[in-house]
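Chain residues, written in single-letter form:
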Amino acid sequence: MTSIPGAATTAPQAPALSSDALTGKRRVAFASYVDENYLPGFLALLRSLALSNPGVCEDFVVLHDDLRPGSIARIRALHPRIVLRRVNAEHYDTYKKGDQDNYLVRKAYFILDVFRLREYDTVITLDTDMVVLGDLGELLRLREGLAAVPQFFYGQHKLNSGLLVIQREYLSDAFCAELDATGRSGDYELDKHDQGILNAVLDGDFVRLDARYNFVKRRLSGDLPVPEDTAILHFTGRHKPWQGGEAGYGRAEERWREFELSDADFQAAYLALSGTLHHDLLVHLGTPHVARTGDVESARRVAAAHIAAGDYQDAVDILSSVHLPLDEAWAHEVFGHALMSVSRHEEARAQLLLAAAAPNRAATAYARLAQMAWVHGDDAEALRHATAGISVDPTHRSSRLWAQRAASVPEQERGGAEDQLAHVAFYMDRQGNAGDKLLPETVRLGFGPDTTSRRWHSVHAHRLFDRAALERVNTRRGLVIGGGGLFIPDTMPNGNSAWQWNVPDEHLRGIDVPIMVYAVGFNAFDGQSYRAGRFRESLRLLVEKSAFFGLRNHGSIAKVRAMLPDHLHDRVRFQPCPTTVSRQLVPGWTDPAGREDTVLLNAAYDRAGLRFGHDYGHFLAEIAKAVRGIGAHTEVRCVAHSLDDERIAFDLRREHGISLPVIPMYDFDNDAIRDLYARTRLVIGMRGHAGMIPFGVGTPIISLISHPKMAYFLADIERPEWGVSVHDRNLGAVLTERAIGILDAHAATVADVHERQRTLWKVTEENAADLRVILGA
């Protein structure tokens, strides 16, 4: 076959930045100074943090200068994200005060190394003589300043030692220089109760926190009980609980001893908690607990956490390690889910049939059985299982979805002509994501105006590409692969390729017509990764086999090239998403004569934890400000690409009293999607195609960046100012200013959109010429 390597490079290269730098996601860490004498206290602190905040697991920076390897191992056993950092012993040698053999003094100096951390946006310090008793969500959501609890005994202008919540502006060279200068001058007071250097520099200029976040033991003298709302209990003073304690504080020390646990007891206590457990902690503590106890319910929970993170083989492994009684329906269902995700379908079927025997798990089990049958092309069997799921639960959405799919004859099994092109894509269901619904047709427009089955043979990416599918493809002129971010590990997992197209290597090798990968995206979220070597192997084979391999942004190109050997790098080229040049591709397109005086707002909620982190409340409040500000200028409406996108309207009304009309774009056909976006004045969107589709029909955009691909696209069109991070501290004001600026200069901005689009169209035309050569046209 004809192969034309080399990328069209008209558009600029995307910046080589980390995902969190692109999305602006806040990086949060805890930090403590730890030595051997205070190690028992720190271990209790780690246990208390996990047991009182089971859904929280940020990096924990351990500042130390003398920890033994065995001590480090004990620390690592309790927390999966320990970052060891040796303190800088040089800087305190020049300070003027203090006995360096005194732990309290050394800690006061060494904790200043926290301000030298540059990897994080927010750092929360905790003393090793603290235990966490309550929710720390308020601290994790803090965005500004340096926060602490004022001293209880010595005046409100000084902060109490132990707890600090430090934001980025203090984690700077300038602030460290000020600390060092004060330390060298000796112009400060230092005793066992405070951090004198820091207090001298701040001089009372810090954010005051409630005393419950640093509730000092001395307030409980006389054996008073610990107040119920205490979030952090601090055992200040000379006598520590692990050293025998102190008379008059027995009830406080009882709270500390709640966390004086063996590793086994700690693991069991964490696994016994209800509610949301953080994936990293659940896996870290649950895996040895299951190995030791063989507990089935714990194994199920750990396996479910692995599945949620896309670690399907790990889920299979942990459930394979325990004996599952026949009546453990939920465990069988999760095991079946894990097995089908690595394409061990016969074993999965057995597990799911066992799960279907229990009424409370039957609907989900039947839906998964229907899914497997559909993947293998057995529509009759898929419909039978889906119907069984509906009979158990008439409201079960997944069962209804598979019933709809199975009831229609898939296009990929219909007859066709030899002059057709085969097309692998994700063909969206009715009421599915509007952007994904539009994509297959738009990809086809890149090859000509006829997008119907007369010219195209559809191959659903999620159905197994078996021998029969291979034979059908090999009777066509070529194979086009494209229609969204197909390089993502968890939308429809399989063990054959580990990306969305369910193709075994054997059948990929068997394709003997030209393969053209067209405008595919690398869609991993910030915090999500491809862990399977299977994906890399499948990707390499695909690149080797392809006559054309085009990715839709330079960020995706960089990610994919990093997974390939050097000699294949030049085969990966830039092909913009065809939605971004819709005005050039749609037959008979004319720009609208007029536009509605509206701004359309889109938000996305799939994988919300990866999108928002601890900042969803901040995001919602800032969007409320922006809606009010923009709404005073132009009407704002909510546009929902999928059903879940409507949540922004519900949350704005419930939390901020704002009511927005909701446009259900998931119900629109492709022409209606393009028409709506072409007739509005501005689109503020979080989904990738809530930016690319309106841009492609000539409408100005502002992207709410919660995924790297948004920044990739804006870099390609050289307009990064058309994006703002969902984590931006001043999101509401920035969004309002930029939106009103675009509306006030609308004609000029539309002209700029057209100019940016011409750049992408030039690349698309150059690639189209190469594709015509490949196809012999």
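Residues numbered from 1 in each chain as written. Predicted model: local features only at pLDDT ≥ 70, side-chain atom pairs only at ≥ 80, totals over all residues. Heavy atoms only, no water.

**A short note on the packing of aromatic side chains**
Then comes step 1: This model, assessed by the stated rule, comprises 21 aromatic pairs.
Then comes step 2: A centroid spacing of 5.3 Å and a plane angle of 55° characterise the contact between Trp374 and Trp402, whose relative ring orientation is tilted. Of this pair, Trp374 sits in helix α16 (residues 359-375) while Trp402 sits in helix α18 (residues 397-407), and the two are 28 residues apart along the sequence. Assigned by exposure class, Trp374 and Trp402 land together as buried.
Then comes step 3: Each residue in the set Phe465, Phe487, Trp499, Trp501, Phe535 and Phe549 is aromatic and connected to the rest through ring pairs, giving one cluster.
Then comes step 4: Looking at Lys217, its charged tip hangs above the ring of Tyr249, at a distance of 4.6 Å from the centre. (Phe/Tyr/Trp six-rings, centres within 6.5 Å; stacked < 30°, edge-to-face > 60°. Helix = DSSP H or I, 4+ residues; strand = E, 2+ residues; numbered from the N terminus. Buried < 20%, exposed > 50% of the residue type's maximum accessible area, 1.4 Å probe, protein only. Lys NZ or Arg CZ within 6 Å of the ring centre and 35° of its normal.)

**Details of the sheet that holds strand β1 (residues 28-33)**
Then comes step 1: The sheet built from seven strands is open, its strands ordered β3-β2-β1-β4-β7-β6-β8 with mixed pairing. Single-partner strands in this sheet number two, and they are β3 (82-86) and β8 (207-208).
Then comes step 2: Bridging between strand β6 (residues 146-148) and β8 involves two bridges; their strand directions are parallel. Counterpart to Ala147 in the pairing with β8 is Val207.
Then comes step 3: Against the sheet, helix α2 (residues 39-52) makes contact with β1 and β2 (59-64), and its axis sits at roughly 170° relative to β2, the strand it touches most. (Pairing = 2+ DSSP bridges. Contact = heavy atoms within 4.5 Å. Axes fitted to C-alpha atoms, helices over the stretch in contact; angles between N-to-C directions.)

**A closer look at the sheet that holds strand β5 (residues 130-132)**
Then comes step 1: Spatially, the three strands line up as an open sheet ordered β5-β10-β9, and their pairing is mixed. Two strands lie at the open edges of the sheet, namely β5 and β9 (215-216), each paired on one side alone.
Then comes step 2: By the bridge criterion, three bridges tie β5 to strand β10 (residues 232-234) in an arrangement that is antiparallel. Note on β10: the bridge partner recorded for Val132 is Ile232.

**Some words on the pattern of salt bridges**
Then comes step 1: Taken as a whole and judged by the stated rule, the model has 50 salt bridges.
Then comes step 2: One salt bridge connects Arg384 with Glu381, and the closest N-O pair in it is separated by 2.8 Å. Here Arg384 and its partner Glu381 are both found in helix α17 (residues 379-392), three residues apart, which amounts to about one turn of the helix.
Then comes step 3: A relative accessible area of 49% means that Arg384 is categorised as partly exposed.
Then comes step 4: Across the pair Arg540 and Glu544 runs a salt bridge, and its minimum N-O distance is 3.2 Å. Of this pair, Arg540 and Glu544 both sit in helix α22 (residues 533-545), four residues apart, which is roughly one turn of the helix.
Then comes step 5: What makes Arg540 partly exposed here is its relative accessible area of 36%.
Then comes step 6: Sharing partners across several salt bridges, the network here consists of Glu596, Glu635, Arg637, Asp675 and Arg679. (Salt bridge = Lys/Arg side-chain N within 4 Å of Asp/Glu carboxyl O.)

**A short note on the nonpolar core**
Then comes step 1: Grouped together as the largest cluster of nonpolar side chains are 86 residues, with contacts concentrated most on Phe60 and Leu139.
Then comes step 2: With nine residues, the top contributor of residues to this core is α2.
Then comes step 3: Excluding its chain neighbours within four sequence positions, the residues that come into contact with Leu139 are Ile124, Leu163, Val165, Leu209, Tyr213 and Ile232.
Then comes step 4: Core analysis: the next-biggest nonpolar cluster, separate from the first, contains 59 residues, Val520, Cys577, Leu585 and Leu760 among them. (Core = buried A, V, L, I, M, F, W, Y, C linked by side-chain atoms within 4.5 Å.)

**Notes on the pairing of strand β21 (residues 682-685)**
Then comes step 1: On β21, burial covers both faces: Leu682 and Ile684 on one face and Val683 and Gly685 on the other are all buried.
Then comes step 2: As paired strands, strand β18 (residues 598-601) and β21 are joined by three bridges and run parallel to one another. Residue pairing across strands places Leu600 opposite Val683, the latter belonging to β21.
Then comes step 3: When β21 meets strand β22 (residues 701-705), the two strands line up parallel, connected through three bridges. Paired with Ile684 across the bridge in β22 is Ile702.

**Side note on the confidence of the model for the chain**
Then comes step 1: With 91% of its residues at a pLDDT of 70 or more, the chain shows a mean pLDDT of 90.
Then comes step 2: The model gives residues 5-16 a pLDDT under 50, and that stretch makes 35 contacts with residues more than four places away or in other chains. (pLDDT = per-residue confidence, 0-100.)

**Digging into the packing of helix α3 (residues 69-78) against helix α11 (residues 279-293)**
Then comes step 1: Between α3 and α11, the shortest axis-to-axis distance is 9 Å and the interhelical angle comes to 120°. Contact residues: Arg76, Ala77 and Leu78 in α3; Leu281, His284 and Leu285 in α11.
Then comes step 2: Of the residues in the contact of α3 with α11, the class split is four nonpolar, one polar and one charged. (Nonpolar A, V, L, I, M, F, W, Y, C, P; charged D, E, K, R; others polar.)

**Points about the pairing of strand β15 (residues 515-522)**
Then comes step 1: With eight of its eight residues buried, β15 lies for the most part within the structure.
Then comes step 2: Where strand β13 (residues 478-481) lies against β15, three bridges are found, and the strand directions are parallel. Each bridged residue has a counterpart across the sheet, and for Val480 the counterpart in β15 is Met516.
Then comes step 3: As defined by bridge partners, β15 adjoins strand β16 (residues 548-551) across three bridges and the pair is classed as parallel. Considered in β16, the bridge of Met516 is made with Phe548.

**Comments concerning unusual backbone geometry**
Of all residues except glycine, most have a negative phi; of all peptide bonds, most are trans.
Then comes step 1: In this structure, Ala498 is a non-glycine residue whose phi angle is positive, near 70°.
Then comes step 2: By the secondary structure assignment, Ala498 is in the loop between β14 (484-487) and α21 (505-509).
Then comes step 3: Of note in this structure, Glu718 is not a glycine but carries a positive phi near 60°.

**Quick word on the packing of α2 against α3**
Then comes step 1: Where α2 meets α3, the closest approach of the two axes is 9 Å, and the angle between their N-to-C directions is 10°. Considering the angle they form, α2 stands roughly parallel to α3. For the pair α2 and α3, the crossing hand works out as right-handed. The residues of α3 that touch α2, namely those facing Leu39, Phe42, Leu43, Leu46 and Arg47, are Ser71, Arg74, Ile75 and Leu78.
Then comes step 2: By residue class, the composition of the contact of α2 with α3 is six nonpolar, one polar and two charged. (Parallel < 35°, antiparallel > 145°, perpendicular 65-115°, else oblique. Left-handed = near helix turned anticlockwise from the far one by under 90°.)

**Some thoughts on the side chain of Thr122**
Then comes step 1: For Thr122, the position within the fold is in strand β4 (residues 122-125).
Then comes step 2: Assessed through its relative accessible area of 0%, Thr122 is described here as buried.
Then comes step 3: Excluding anything up to four places from it in sequence, Thr122 contacts Arg26, Arg27, Val28, Ala29, Leu142, Val165, Ile166 and Gln167.

**Remarks on helix α30 (residues 708-716)**
Then comes step 1: Most of α30 sits inside the fold, with nine of its nine residues counted as buried.
Then comes step 2: Those residues of α30 that fall on the buried side of the exposure criterion are Pro708, Lys709, Met710, Ala711, Tyr712, Phe713, Leu714, Ala715 and Asp716.
Then comes step 3: Positive backbone phi, at 60°, marks Glu718, one or two positions downstream of α30.

**As for α22**
The periodicity of an α-helix, 3.6 residues per turn, causes residues three or four places apart in sequence to face the same way.
Then comes step 1: For α22, built from 13 residues, the straight-helix expectation of 18 Å at 1.5 Å per residue is met to within 8% by its first-to-last C-alpha distance of 19 Å.
Then comes step 2: Considered for burial, the residues of α22 that qualify are Arg534, Phe535, Ser538, Leu539, Leu541, Leu542, Val543 and Lys545. (Expected span 1.5 Å × (residues − 1).)

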